[in-house]
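Tertiary structure, described
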Amino acid sequence: MSKKIALITGAGSGLGKELALLFGQDYHVVLVGRTADKLEDVASSLSESTVLTADVAEPSSIQKLYEQLSEKKLLPDLLVNNAGVGHFGKAENLSYDQLNEMMHINAIGPMLLTNMLLSDMKKKQSGIILNILSTAAQKGKVNETGYVASKYAFRGYSESLAKEVAEDGIRVVRAYMGGMNTPFWDHNHYVSDPDRLPAPKEIAERIYHQMDQDEIQAT
């Protein structure tokens, strides 16, 4: 394959979709998500892409994804850990299932996926890992205890990994983005008017044009 390969999780909508359209100018993009129809829709706008369904909340699904990437010779040069979920409200009202889902999708899942791909990046002595962390990984917020906790966990992993692989030719880019007008809010009423938030295309362009930085800030 002539182009380098970028893998993007949560690529079917929102920020993941917009990042796919931008990185698609430079990479063959592997679009990963749970809903094939949405991924295929994004793929129709790209010159080179591959659609693979996976659920980053499930370790077995991540393992299957890695096996598919290996078999298809699609191990990525750029990994974008973008998939995320949020449940909001008073701490005492958060259920185990909600906390578990946030921890697995926002932290444990992307950690497992990254860990599986590290050996291949180390062999090549090159690779970029872009982790979408959110401003929730920078400070505590009222009614966001579980969400912030999951993002802080992934921030700790990301900062530590950056130091760990610095001599292996691998960069770990941390993007601290604020809220944006995406389907992220569809399953809850925490943000009453998502239309007032920045469009994901605007945020994606900011990230794309600052990929030479180790940290990308919301403003």
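Before any of the text, the structure's been laid out above.
Note that this is a predicted model, so its numbers are computed, not measured.

Points about helix α4 (residues 96-124)
The end-to-end C-alpha distance of α4 is 40 Å, a good match for the 42 Å that 29 residues give at a rise of 1.5 Å each. Within α4, the axis deviates most sharply at His104, by approximately 45 degrees. Buried residues in α4 make contact with β1 (4-9), α3 (59-71), β4 (78-81), β5 (127-132), α5 (145-164) and β6 (170-176). Two residues or fewer past α4, Gln125 is found with a positive phi of approximately 55 degrees.

A short note on helix α2 (residues 36-43)
Among all positions in α2, only Leu39, Val42 and Ala43 are buried. The arc that holds every buried residue of α2, seen down its axis, measures 105 degrees, which confines them to one face. Packing partners of the buried residues in α2 comprise α1 (14-23), β2 (27-33) and β3 (49-53).

Here we look at the sheet that holds β6
Here we have seven strands laid out as an open sheet, ordered β3-β2-β1-β4-β5-β6-β7, and parallel in their pairing. The sheet terminates laterally at β3 and β7 (215-217), the two strands that pair on one side only. The average undirected angle you get between the axes of adjacent strands in this sheet is 15 degrees. In this sheet, β3 lies alongside β2 in parallel orientation, the contact comprising five bridges. Bridge pairing links Val29 to Ser49 in β3. The strands touched by α5 are β4, β5, β6 and β7; relative to β6, the strand with the most contacts, the crossing angle is about 150 degrees.

Observations regarding the pairing of β3
Because side chains alternate across β3, one face comprises the buried residues Thr50 and Leu52, and the other comprises Ser49, Val51 and Thr53, none of which is buried. This β-α-β element, β2 to α2 to β3, shows right-handed connectivity.

Considerations on the side chain of Thr9
Along the chain, Thr9 falls in strand β1. When neighbours within four sequence positions are excluded, Thr9 is seen to be in contact with Val32, Val56, Val80, Asn81, Asn82, Ala83 and Leu113.

Section: the pattern of salt bridges
Note that side chains of opposite charge can pair when their charged atoms are close. Inspection of the entire model under this criterion finds five salt bridges. Linking Asp77 and Lys124 is a salt bridge whose minimum nitrogen-to-oxygen distance equals 3.0 Å. In this pair, Asp77 is assigned in the loop between α3 and β4 and Lys124 in helix α4, connecting sequence segments 47 residues apart. With its nearest N and O atoms 2.8 Å apart, the salt bridge here joins Arg155 to Glu159.

Description of the packing of α4 against α5
Where α4 contacts α5, the axes come no closer than 7 Å and their chain directions differ by 15 degrees. When the axes of α4 and α5 are compared, the pair comes out roughly parallel. Note that α4 runs across α5; the crossing there is right-handed. Residue-level contacts link Leu99, Met102, Met103, Asn106, Ala107, Pro110, Met111, Thr114, Asn115 and Leu118 of α4 to Gly146, Tyr147, Ala149, Ser150, Lys151, Ala153, Phe154, Tyr157 and Leu161 of α5. Taken together, the residues that form the contact of α4 with α5 break down as 13 nonpolar, five polar and one charged.

Side note on the packing of aromatic side chains
Tallied over the entire structure, the rule returns four aromatic pairs. Consider the rings of Phe23 and Tyr27, whose centres lie 6.1 Å apart with planes at 80 degrees: the pair is edge-to-face. In terms of burial, Phe23 and Tyr27 fall into one category: buried. Arranged with centres 5.9 Å apart and planes meeting at 15 degrees, the rings of Phe154 and Tyr157 form a pair that is stacked.

Section: the pairing of β4
Of the two faces of β4, both are covered, the one formed by Leu78 and Val80 as well as the one formed by Leu79 and Asn81. When β1 meets β4, the two strands line up parallel, connected through three bridges. The residue of β4 that forms the bridge with Ala6 is Leu78. In this sheet, β5 lies alongside β4 in parallel orientation, the contact comprising four bridges. From the neighbouring strand, Val80 faces β5, where its bridge partner is Leu130. In terms of handedness, the path from β4 via α4 over to β5 forms a crossover that is right-handed.

Basis of the calculations
- Residues numbered from 1 in each chain as written.
- Predicted model: local features only at pLDDT ≥ 70, side-chain atom pairs only at ≥ 80, totals over all residues.
- Heavy atoms only, no water.
- Helix = DSSP H or I, 4+ residues; strand = E, 2+ residues; numbered from the N terminus.
- Expected span 1.5 Å × (residues − 1).
- Bend = angle between axes of the 7 residues up to and from the residue.
- Contact = heavy atoms within 4.5 Å.
- Buried < 20%, exposed > 50% of the residue type's maximum accessible area, 1.4 Å probe, protein only.
- Arc of directions from axis to C-beta.
- Pairing = 2+ DSSP bridges.
- Axes fitted to C-alpha atoms, helices over the stretch in contact; angles between N-to-C directions.
- Right-handed = clockwise from strand over helix to strand, strands pointing away.
- Salt bridge = Lys/Arg side-chain N within 4 Å of Asp/Glu carboxyl O.
- Parallel < 35°, antiparallel > 145°, perpendicular 65-115°, else oblique.
- Left-handed = near helix turned anticlockwise from the far one by under 90°.
- Nonpolar A, V, L, I, M, F, W, Y, C, P; charged D, E, K, R; others polar.
- Phe/Tyr/Trp six-rings, centres within 6.5 Å; stacked < 30°, edge-to-face > 60°.

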